[in-house]
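Take a look at the letters that make up each chain.
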Amino acid sequence: MNFPVPSSLAMQQTIGLPSEPTYIRTGGFKAVYRIQNREGENEALKAVYIPKAISDEDVMRREQLIARAKREIKALGECGSPNLVRLGTIPAKLLCISGHDYLVYSEEFLPGEPLVNWIGRQPLPTFTQLYNLFSILIGLIRDLVQIGYLHRDINPNNIMDTDIPERRYVMLDLGIAYKMHGTQLTQGGSPPGTVRYMAPELLKPDYKDIMDFRCDLYAAGLTIYVLASGTHPFAPQPENPYATVYRIMNTIPQPLVSRRGDLPTPFCQIIDRCIRKTPALRYSRIELVEKDLRRVAP
Amino acid sequence: MNILAQNGFGPKDKLERGLSEGVISGVILSPRYLSPAKMQEYIGRLGVGVRLLMDPEFFATTYIRHPKPNLGSLEQWEYFQMPRRAALISGKAIPDVIKQSVQAQSELGLNEWIAPNVYIREADSIETAIALNFISQSKTIASTVNSNTPIFATLAIDRDAIIKDNDFRDILDSLTAIDNPPDGYYVLVGSGVARDSGSQIRSDIYHPQVIAGWMYINYVLSINGARVLNGYSHLLSPLLGISGAEVCASGWFSGLRRFSMNKYAREVGGGRYPLVRYVSAPLLSHIKQTDFDAFRAVVPSVATGTSRDVVYEGEEPSRTEESLQSWEALNVLSKEFCTGNINGDLARFKVYIDRADELWAELQEAGFTQDVEPNRERLEAMKEGIKLFEQWAELE
């Protein structure tokens, strides 16, 4: 996604930071920097680009981005899960930086690495690692459901393997969290999110009417499947996204146990069930997943 | 999986003997055949500890204004009143309908209740929305009468609604997303226009998509923790049991072996008294007693092989013996194939269908040509139905 990324110096000057932030990465319409707060602790500073409104379409897009970012921040504040990144000391505010508008706010800075780095690494993750990670993701989905949110972008890029023992895996991004009973903010066309981890129902034109927490369950299951097997069942290598979409809709992945014979079969069956194409075939209630998970605890 | 009797007209001693001889595990009572007072008496007669449920048959209220209704005792039940359609669509009438129906079952002392519902004729229809509303409120409303009594929501759906498969499967997606789900479901799959119920012709129910759909309902609901009772399932019972059913029910007349809304309207002309039949498990068919006699003389393995086969030797068995044999054969199939290992059970059942097909071929070679083709077509429909179900359930 192309947008003007503010320089670190411009960020420092506009916000009035004591030192220049360190640019980390760009994702979607968002640039991320590392800063130090007044206590000397690291925080992740986020600048969400807000395009100028010229045409009617731009007005809509601008409104959408502002609302999306506000929603993320609201969700972060409402969700008490330790496995969701926490807000930092800079509250959300709309700023003009180098002639462009950005919504700026900060989150805690988490040491560690994103789980995407695990993919293909040897040795493959152990059962205990996968079990703990999946349990945390399920707990997070449950916490989000309780406050009326769907995450819609659970994937290994968005999960940090931290160095904090009591918060080993933390979800970074709620950028497209969808307030289930609120306004539908996504414009027509394809839904936001990472296509490779998107549940089949989200790829249908009427996805807004049919999605529920089971799309997050799918993404959590697929994340585990990919980490456990080392490959993505629908996108084994970089390719045209339409081919990936076709596979998401039509290809039934091999049972996980056939890829990882060392994992307990009941655990693999839970993951296989979560990534079924039809929502009705997944778990209809979080308690049912949790119950099955307890039965296979290491 | 347990086999229950689907109660209807003229039970005589069928239920008592079925229960005492262990070929049925309970009864689904019909208020169409039993007035409130008779139902109370009946429940007392069948005894304490017997699993008894009552199908409220609320969906038949649409026949109240039919020019030739055939509702039996239903109109003697207080809950059996058709609310204004607008009140059903808005949902305003639904809590009262559920409460009255459940209250009636509570007063009868039943330990499990079946919640009322409307009949889904088309998947993409206002009836579907109303039916989902009934289902989503069943548990909440029933809990106001007694929160400890298990409640089974009725899911009564026409085969035509199942055949429209995408919309049908969307119903299941919605159903499994209900916030306060019932403890289970009472599932009825109705045939469209009823055909000659006594014949062995391929019926509306023996359609691959309908079989697959009925199995899919059982599978989806059971894997999500719901208990599934199927009414009028007869020879499809083993397939439903393999897919996750807790209970299947069947009765002694064809109208109790296959569900059709047509029974709530008076038929034109009279029916004939049905011939005595025999459930041949190996043939997967409900054949005429006379055919059974002839078949087994040539191909002995068509017999189900229970001790009750003896009563078919010599004189025509009584109607009670006929019913007991039918339930016993369903139990034989259920015990053989419903082990809880769905992939293994389906694989074995497919082999069993192939064997049944071979038996029909043997009979054909022996000169018994009548009814062979419809039966083989029905077996083919079962096989296709299983295949389609495996695809829908992502079991491959």
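Notes on the structure follow. (Residues numbered from 1 in each chain as written. Chains lettered and ligands numbered in written order. Predicted model: local features only at pLDDT ≥ 70, side-chain atom pairs only at ≥ 80, totals over all residues. Heavy atoms only, no water.)

### Focus: the pairing of strand β4 (residues 93–97) of chain A
In this structure, β4(A) lies alongside strand β5 (residues 100–108) of chain A, joined through 5 bridges in antiparallel fashion. Within the sheet, the bridge partner assigned to L95(A) lies in β5(A) and is Y102(A). (Pairing = 2+ DSSP bridges. Helix = DSSP H or I, 4+ residues; strand = E, 2+ residues; numbered from the N terminus.)

### Re the sheet that holds β5(A)
All names here are of chain A. Taken in spatial order, the 5 strands line up as β1-β2-β3-β5-β4 in an open sheet, and their pairing is antiparallel. Edge positions in the open sheet fall to β1 (22–27) and β4, since each of these has one partner strand only. Averaged over neighbouring strand pairs, the angle between their axes works out to 35 degrees when direction is ignored. Strand direction decides the pairing type here: strand β3 (residues 42–50) and β5, joined by 8 bridges, are antiparallel. Following the sheet pairing, E43 is matched in β5 by E108. Lying over the sheet, helix α2 (residues 56–78) contacts β2 (30–36), β3, β4 and β5, oriented at roughly 10 degrees with respect to β5. (Axes fitted to C-alpha atoms, helices over the stretch in contact; angles between N-to-C directions. Contact = heavy atoms within 4.5 Å.)

### Thoughts on the packing of aromatic side chains
For the coordinates displayed, the defined rule picks out 28 aromatic pairs over all chains. Ring centres of W118(A) and Y169(A) lie 5.9 Å apart, and the angle between their planes is 75 degrees; on these two criteria the pair is classed as edge-to-face. Here Y169(A) lies in strand β9 (residues 169–171) and W118(A) lies in the loop between β6 (112–114) and α3 (127–146), a separation of 51 residues in the sequence. An identical accessibility class is assigned to W118(A) and Y169(A); each is buried. Seen from their ring centres, F59(B) and F259(B) are 5.5 Å apart, and the 75 degrees between their planes marks the pair as edge-to-face. (Phe/Tyr/Trp six-rings, centres within 6.5 Å; stacked < 30°, edge-to-face > 60°. Buried < 20%, exposed > 50% of the residue type's maximum accessible area, 1.4 Å probe, protein only.)

### Digging into the pattern of salt bridges
Counted by the stated rule, this structure contains 35 salt bridges over all chains. Between R167(A) and E108(A) there is a salt bridge, with the nearest N and O atoms lying 2.6 Å from each other. One end of the pair, R167(A), is in the loop between β8 (159–162) and β9; the other, E108(A), is in strand β5, with 59 residues separating them in the sequence. The pair R167(A) / E108(A) is uniform in exposure class, with both members buried. We note a salt bridge from R376(B) to D357(B), for which the minimum N-O separation is 2.8 Å. Here R376(B), found in helix α14 (residues 372–392), pairs with D357(B), found in helix α13 (residues 342–365); they are 19 residues apart in sequence, far enough to count as distant. Overall, R376(B) belongs to the partly exposed group, its relative accessible area being 22%. In the salt-bridge network here, residues are joined through shared partners; they are R17(B), E21(B), R308(B), E321(B) and E328(B). (Salt bridge = Lys/Arg side-chain N within 4 Å of Asp/Glu carboxyl O.)

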